[in-house]
Amino acid sequence: MASSYMTSQGDTWDLMAYDLYGDERYMRYLIEANWPLLDLLVFPSGIRINVPDIPEDAAEDVPFWREDDTGDDPPTEEKLYEQPP
C-alpha cells in the first residue's frame, strides 16, 4: 500500500529514498510516483510526496538509468524523458 511523506527543508530524492527504503537506488520509484515534482532537486519543507511500495521484482544490481530493453546500451534521450504510465 502506498503512503505519503511530508518533506523537510533540504530533502533530496536520494536522501528521501535512503530514509524511506533504506537505499538511495530506489529513488526511481519516488520520482515516478511524483513526476510533476521532477524539477525539484532540493525540497522545501511541507511538500507531500507519494511513497509507493517497491515492486518485488525491482532490479537490484542495475541503476535505473542503465536499464534498457535492448541490452547494456544507455537509454535514448527519448526514453529518458518518457512520462511514466
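These numbers were taken from a predicted model, which means no experiment stands behind them.

Peer 1: Please clarify how the pairing of strand β2 (residues 48-51) should be interpreted in this entry.
Peer 2: Residues in a regular strand project their side chains so that they alternate between the two faces of the sheet. On β2, burial follows the alternation: I49 and V51 on one face are buried, whereas R48 and N50 on the facing-out side are not. When strand β1 (residues 3-6) meets β2, the two strands line up antiparallel, connected through four bridges. Considered in β2, the bridge of S4 is made with N50.

Peer 1: Explanation requested: the nonpolar core in the structure shown.
Peer 2: Counting ten residues, the largest nonpolar core is built from Y5, W13, M16, A17, L30, I31, L37, F43, I49 and V51. Top element by residues in this core is helix α1 (residues 13-21). It accounts for three residues. Aside from chain neighbours lying at most four places away, what touches I49 is S3, S4, Y5, T7, M16, L30, N34, L37 and F43.

Peer 1: How should I be thinking about the side chain of D23 in this particular structure?
Peer 2: Relative to the helices and strands, D23 resides in the loop between α1 and α2 (27-33). In this structure the side chain of D23 is engaged in a polar contact, spanning 2.9 Å, whose partner is the side chain of R25. Once residues lying within four places of it in the same chain are set aside, the contact partners of D23 are A17 and Y18.

Peer 1: Even after reading the chapter, I still don't get the environment of Y29, so can you show me in this structure?
Peer 2: Relative to the assigned elements, Y29 resides in helix α2. Residues Y29 and P52 lie 23 residues apart in sequence; the distance between their C-alpha atoms is 6.7 Å.

Criteria and thresholds
- Residues numbered from 1 in each chain as written.
- Predicted model: local features only at pLDDT ≥ 70, side-chain atom pairs only at ≥ 80, totals over all residues.
- Heavy atoms only, no water.
- Buried < 20%, exposed > 50% of the residue type's maximum accessible area, 1.4 Å probe, protein only.
- Helix = DSSP H or I, 4+ residues; strand = E, 2+ residues; numbered from the N terminus.
- Pairing = 2+ DSSP bridges.
- Core = buried A, V, L, I, M, F, W, Y, C linked by side-chain atoms within 4.5 Å.
- Contact = heavy atoms within 4.5 Å.
- Polar contact = N/O pair within 3.5 Å; in protein donor to acceptor, adjacent residues only side chain to side chain.

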